[in-house]
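# Residue-level structural notes
Below are the chains, spelled out letter by letter.
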Number of protein chains: 2
Amino acid sequence: MPARGDHDTRRADVAEAVWRVLANHGFDGLTLRAVATEMGASTGLLTHYFATKRDLVRYAHEIAAERTDARPLRQADEPGLAALRVALVNVLPLTPEAAAMSRVWVSFWDAALGDDILSEAQRTRYENWRGRLQACVEAAQARRELTRETPAADVAVEAAAFAHGLVVQALFDPVRLPADRQLGLLENFLSGLTNRR
Amino acid sequence: MPARGDHDTRRADVAEAVWRVLANHGFDGLTLRAVATEMGASTGLLTHYFATKRDLVRYAHEIAAERTDARPLRQADEPGLAALRVALVNVLPLTPEAAAMSRVWVSFWDAALGDDILSEAQRTRYENWRGRLQACVEAAQARRELTRETPAADVAVEAAAFAHGLVVQALFDPVRLPADRQLGLLENFLSGLTNRR
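Conventions we followed
Residues numbered from 1 in each chain as written. Chains lettered and ligands numbered in written order. Predicted model: local features only at pLDDT ≥ 70, side-chain atom pairs only at ≥ 80, totals over all residues. Heavy atoms only, no water. Helix = DSSP H or I, 4+ residues; strand = E, 2+ residues; numbered from the N terminus. Buried < 20%, exposed > 50% of the residue type's maximum accessible area, 1.4 Å probe, protein only. Contact = heavy atoms within 4.5 Å. Areas by Shrake-Rupley, 256 points an atom, 1.4 Å probe, with all protein chains shown as cover. Least-squares fit on C-alpha atoms with pLDDT ≥ 70 in both. UniProt positions renumbered as here; feature names shortened; annotations may be inferred. Axes fitted to C-alpha atoms, helices over the stretch in contact; angles between N-to-C directions. Parallel < 35°, antiparallel > 145°, perpendicular 65-115°, else oblique. Left-handed = near helix turned anticlockwise from the far one by under 90°. Arc of directions from axis to C-beta. Buried area = accessible area lost by both parts, 1.4 Å probe. Salt bridge = Lys/Arg side-chain N within 4 Å of Asp/Glu carboxyl O. Polar contact = N/O pair within 3.5 Å; in protein donor to acceptor, adjacent residues only side chain to side chain. Nonpolar A, V, L, I, M, F, W, Y, C, P; charged D, E, K, R; others polar.

## Observations regarding the overall build of chain A
Secondary structure summary: chain A contains nine helices and zero strands in total. Moving toward the C terminus, one meets the helices and strands of chain A in the order α-α-α-α-α-α-α-α-α. Seen along its three principal axes, the alpha-carbon backbone of chain A occupies a region of about 65 × 30 × 30 Å. Taking all 197 residues of chain A together, 50% fall into the buried category. Long-range pairs, those at least 24 residues apart, make up 66% of the contacts in chain A between residues at least 6 apart in sequence. Total accessible area on chain A is roughly 9,200 Å²; 51% of this is exposed by carbon and sulfur atoms.

## Concerning unusual backbone geometry
Positive phi is not limited to glycine here, since arginine 144 of chain A has a value of about 60°. Relative to the elements of secondary structure, arginine 144 of chain A occurs in the loop between helix H7 (116-142) and helix H8 (152-172).

## Remarks on the environment of alanine 121 of chain B
When you line up the elements, alanine 121 of chain B lands in helix H7 (residues 116-142). Along the primary structure alanine 121 of chain B and histidine 61 of chain B are separated by 60 residues, whereas in three dimensions their C-alpha atoms are 9.3 Å apart.

## Quick word on the relation of the copies chain A and chain B
Overlaying chain A with chain B gives an RMSD of 0.0 Å, the required rotation being 180° about an axis along which the chain moves by 0.0 Å. In short, the pair behaves as if placed about a two-fold rotation axis. A shared binding surface is used by both copies, with 100% of the interface residues of chain A retained as interface residues in chain B.

## Observations regarding the UniProt feature "domain: HTH tetR-type" (unreviewed entry) in chain A
On the UniProt side, "domain: HTH tetR-type" (unreviewed entry) is annotated at positions that read residues 8-68 of chain A here. Within the segment residues 8-68 of chain A, helix and strand shares are 77% and 0% respectively, and the terminal C-alpha atoms sit 21 Å apart.

## A few points about the packing of helix H6 (residues 96-113) of chain B against H7 of chain B
Residue and element names in this part refer to chain B. Across the interface, H6 lies against H7 with an axial gap of 7 Å and an inter-helix angle of 130°. As judged from the angle between their axes, H6 and H7 are oblique. Relative to H7, H6 is oriented so that their crossing is left-handed. Of the residues in H7, those touching H6 at Trp105, Phe108, Trp109, Ala111, Ala112 and Leu113 are Leu118, Ser119, Gln122, Arg125 and Tyr126.

## Here's the deal with the side chain of asparagine 90 of chain A
Of note, asparagine 90 of chain A is situated in the loop between helix H5 (81-89) and helix H6 (96-113). Judged by its relative accessible area of 16%, asparagine 90 of chain A is buried.

## Re the UniProt feature "DNA-binding region" (unreviewed entry) in chain A
Sequence positions flagged by UniProt for "DNA-binding region" (unreviewed entry) are, in local numbering, residues 31-50 of chain A. Between the first and last C-alpha atoms of residues 31-50 of chain A the distance is 11 Å; the span itself is 65% helix and 0% strand.

## Observations regarding helix H2 (residues 32-39) of chain B
Owing to its 3.6 residues per turn, the α-helix brings residues three or four apart onto one side. Residue and element names in this part refer to chain B. Buried within H2 are the following residues: Leu32, Val35 and Ala36. Looking straight down H2, one finds that the buried residues subtend no more than 100° of arc, so they occupy a single side. Turned more than 90 degrees off the buried face of H2, the exposed positions are Arg33 and Thr37. Looking one or two residues beyond H2, the residue adopting positive phi is glycine 40, at roughly 65°.

## Topic: the interface of chain A and chain B
Taken together, the contact between chain A and chain B spans 43 residues of the former and 43 residues of the latter. Summed over both partners, the interface of chain A with chain B buries about 4,100 Å², with 56% contributed by carbon and sulfur atoms. Summed over the shared surface of chain A and chain B, the number is eight salt bridges. Ionic pairing is found between arginine 130 of chain A and aspartate 173 of chain B, a salt bridge with its closest N-O pair at 3.5 Å. Our count for the contact surface shared by chain A and chain B stands at 18 residue pairs in polar contact (both at pLDDT 80 or more). Those elements giving two or more residues to the side of chain A that touches chain B turn out to be H6, H7, H8 and helix H9 (179-194) of chain A. Sorting elements by how many residues they give to the side of chain A that touches chain B places H8 of chain A first, with 13 residues. Class assignment for the residues of the side of chain A that touches chain B results in 19 nonpolar, eleven polar and 13 charged.

See below:
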């Protein structure tokens, strides 16, 4: 039986290897063998941690959520529209690290659509994110930066849709959609919201 | 050796079984075994068609593209904004059949991000779609339904982003985003475009 410290080190190694497989190959490429290769370990060792592929996928989702929630986020100087802008900037694949994270989440959608528990987790994650966007929109409405004509909850869905749809296009076409163009498109979208009657 | 007719029938059976696996389980659930089970055939039979998993995935992509391109599409009565609206309506998961097709494509993104040839196919597919949306936007600008302030190519990316991002949210949360709400959100988005200065 390994000493406690070894055990924790090994768990951290597994987490890191799972993340590297996700970042490079997505959930589609996530197998015990791929994680073992990444660790320079045997597949047998990993079956000690994950009895089934589903266990591995669910664990990988936890790792992805932890790393995403712990990543450094830009902070807005002001509430309202400025905060909405930053919240959307924070999900765009503007750097290689952000692109790797986006790629993991886009690939997770496929895994989640085929698994009730992960599907529920993704639904909740979306709901929480839309809630945060809605709070920004409500503040922007209170500051008269945005009209109250469109309900804040609807603007939140629309903003989340715009951002994630742009993420997917940028992942497939980084040449046509580099960081500066993504940011320009975001400004178009936001100025569209502010110009609404 | 089977007669020609038998051979064609079997090919059609394989195509149908692949589509059903995709619609129910996505690319993540696409295996020779799943297709064989769907056909009531042996996995051995399928290895005659697909030497590798990659062959199966690429074939499944062809089937998905064929079925998508052959599906009945709503037609616009007029060019310009009306045509843009219909083009976006045509990709929303408003019916169970459309939701199955959306689910296949969202799951395909994962498969495509891990395969250079499929990634290129998806990039081209996006480019073609954005080109069609851009033509609608240009017509809408010529009809003075939309301002020329935002370049048509940018509006096309934004519209594609909005629609696909809404597709993903609706797949995960059909209760909060049923067909009528999706259509309402689309109207918000379009009236936002027309109200831009």
